[in-house]
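# Per-entry structural report
Take a look at the letters that make up each chain.
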2 protein chains.
Amino acid sequence: MEIKIQKKVLEANESQAEKNRKYFKDNNVFVLNMMSSPGSGKTETLCKTLKMIMPKIRTGVIVGDICTRNDADRLEATGAQVVQINTDQFGGDCHLSANMIDKAARELDLDGLDLLIVENIGNLVCPAEFDIGENERAVVLSVTEGEDKPLKYPLMFQVADVAILNKIDLLPYLDCNAQDAVDNMKKVHPGMPVFPLSAKTEEGFIPWIKWLSACVGK
Amino acid sequence: MEIKIQKKVLEANESQAEKNRKYFKDNNVFVLNMMSSPGSGKTETLCKTLKMIMPKIRTGVIVGDICTRNDADRLEATGAQVVQINTDQFGGDCHLSANMIDKAARELDLDGLDLLIVENIGNLVCPAEFDIGENERAVVLSVTEGEDKPLKYPLMFQVADVAILNKIDLLPYLDCNAQDAVDNMKKVHPGMPVFPLSAKTEEGFIPWIKWLSACVGK
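An account of the accompanying structure is given in this report. None of these values were measured; they are calculated from a predicted model.

Calculation rules
- Residues numbered from 1 in each chain as written.
- Chains lettered and ligands numbered in written order.
- Predicted model: local features only at pLDDT ≥ 70, side-chain atom pairs only at ≥ 80, totals over all residues.
- Heavy atoms only, no water.
- Least-squares fit on C-alpha atoms with pLDDT ≥ 70 in both.
- Contact = heavy atoms within 4.5 Å.
- Axes fitted to C-alpha atoms, helices over the stretch in contact; angles between N-to-C directions.
- Helix = DSSP H or I, 4+ residues; strand = E, 2+ residues; numbered from the N terminus.
- Parallel < 35°, antiparallel > 145°, perpendicular 65-115°, else oblique.
- Left-handed = near helix turned anticlockwise from the far one by under 90°.
- Pairing = 2+ DSSP bridges.
- Core = buried A, V, L, I, M, F, W, Y, C linked by side-chain atoms within 4.5 Å.
- Buried < 20%, exposed > 50% of the residue type's maximum accessible area, 1.4 Å probe, protein only.
- Salt bridge = Lys/Arg side-chain N within 4 Å of Asp/Glu carboxyl O.

## Some details on the relation of the copies chain B and chain A
If you rotate chain B by 180° and push it 0.0 Å along the axis, it lands on chain A with an RMSD of 0.0 Å. The superposition of one copy onto the other is thereby described by a two-fold rotation axis. A high fraction, 100%, of the interface residues of chain B reappear at the interface in chain A, so the copies pair face to face through one surface.

As structure tokens, this is what we get:
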């Protein structure tokens, strides 16, 4: 019974996701879904990314959190269009759904956008199962989380199209081996591009910015 | 419909959790449910904890992961009884349920145990909603995750009875303010004991070990 209902929920989500994808395509907006554990540095990576690509790539952000507007406030300071979703009104949902994105996207001026980045809820498990109508999926892993996480949470790395290995500035103080982390990602998803970088020092951003710009065609 | 089924799932879980609690009580085993994001250092904290409390407190561990036996292998090296649960056989579940604990506990020799620690799936959201029949709940937050996480993921910190603020050895290299992290935990859960420590250097373990020993009455 539970499995049947879960299947129905996922099917309804998939159908709304396809509508979202068509809506974004009709408006010439490329959509990236950014996922990770809490505290891996999604928001800081995004803030630095926005600084580097705007105004050339006109970017909007939909940011999901269970509570608070902390991330939206940080992102808005970059000048980007930002919409915050708080899932505490949906029972503290552990992922963003296609319905939430549909509603939030209507608060954005899509004519003024080339790129929409969705910063998902901090969770390395559940968001991997919910298509929100994106074009590509990025996963962010922090070196502080340890190199074995791709093996322990493989689905997220399998559904991702690209990975960022963040906080490499901390490597001298950790036992984590960055090459092992990259190798483990490639083990669960052969051929996936992986960009080691530091959102704090901005080291390593150029290949990531090139990848993202190529997605948008700018 | 979905909400009704979710309620039914939670009710069934609650009923099994009560059975587990009675079973553990009848066997004089105190149960601690340990939860956190992926990579906050639950396993390393546990390895060091086991080293300090065993054999005085005879301890077993049930460890949950979606995939791999990595954590179980590390924990078994301490000499503790360890049972690994992999949720990939349950569709990659994002939390441990009371049913899984019931099954795993029957693989343990409870007569030889004073304390059972359950290391939950790395997820700061979903495990907070699932009672597994524990006596107390501990949440581990790493300073690398940032001081705002208790405000963004409040339920986990509200249901926890105790919190560990881990990886304090990294504070000199981070922008995180440890006192703000503690204050934010106390804001969402006034009066909750919080133990800042480093599983790597073993700094700060004494108050945590005292708290845990008092729980077991040893």
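Let's pick the thread back up.
## Quick notes on the packing of helix α2 (residues 42–53) of chain B against helix α8 (residues 205–216) of chain B
All names here are of chain B. At a minimum axis separation of 11 Å, α2 and α8 run at an interaxial angle of 70°. Here α8 runs roughly perpendicular to α2, going by the angle between their axes. Here α2 and α8 pass one another in a crossing that is right-handed. Residue-level contacts link T45, K48, T49, M52 and I53 of α2 to F205, W208, I209 and L212 of α8.

## As for the sheet that holds strand β2 (residues 59–65) of chain A
As a general point, the strands of a sheet are linked pairwise by backbone hydrogen bonds and lie either parallel or antiparallel. All names here are of chain A. Overall, parallel pairing links the 7 strands, which are arranged β3-β2-β4-β1-β5-β6-β7 in an open sheet. The open sheet has two edge strands with one neighbour each: β3 (81–86) and β7 (194–196). Neighbour-to-neighbour, the strand axes of the sheet open up by a mean angle of 20°, direction not taken into account. Judged from the 5 bridges that link them, strand β1 (residues 30–36) and strand β5 (residues 136–142) form a sheet pairing that is parallel.

## Thoughts on the sheet that holds strand β6 (residues 162–166) of chain B
All names here are of chain B. Sheet architecture is open: 7 strands sit in the order β3-β2-β4-β1-β5-β6-β7, paired in parallel fashion. Among the strands making up the open sheet, the edge pair consists of β3 (81–86) and β7 (194–196). Taking the axes of each pair of neighbouring strands and ignoring which way they run, one obtains an average angle of 20° across the sheet. Strand direction decides the pairing type here: strand β2 (residues 59–65) and β3, joined by 6 bridges, are parallel. Paired with G60 across the two strands is Q81, which belongs to β3. This element, α2, spans β1 (30–36), β2, β4 (115–122), β5 (136–142) and β6 of the sheet and lies at about 170° to β4. Against the sheet, helix α4 (residues 98–105) makes contact with β2, β3 and β4, and its axis sits at roughly 140° relative to β3, the strand it touches most.

## Some points on the nonpolar core
Of all hydrophobic cores here, the largest spans 94 residues; its most connected members are I62(A) and I62(B). With near-sequence residues (within four places) excluded, I62(A) lies in contact with V83(A), I85(A), I101(A), A104(A), A105(A), L108(A), L116(A), I117(A), V118(A) and E119(A). Counting residues in hydrophobic clusters, the runner-up holds 30 residues, among them C47(A), L75(A), L197(A) and I209(A).

## Examining the pattern of salt bridges
Between side chains of opposite charge, a pair can form when the charged atoms approach closely. Enumeration according to the criterion identifies 42 salt bridges over all chains in this entry. Salt-bridge contacts for D114(A) lead to R58(A); the nearest nitrogen and oxygen are separated by 2.9 Å. Linking D114(A) in the loop between α4 (98–105) and β4 (115–122) with R58(A) in the loop between α2 (42–53) and β2, this pair joins segments that are 56 residues apart in sequence. Of the residues examined, R58(A) reaches a relative accessible area of 35% and is grouped as partly exposed. Of the charged contacts in the structure, one is a salt bridge between D131(B) and R137(B), with a shortest N-O distance of 3.9 Å.

None of this, on its own, says anything about what the molecule does.
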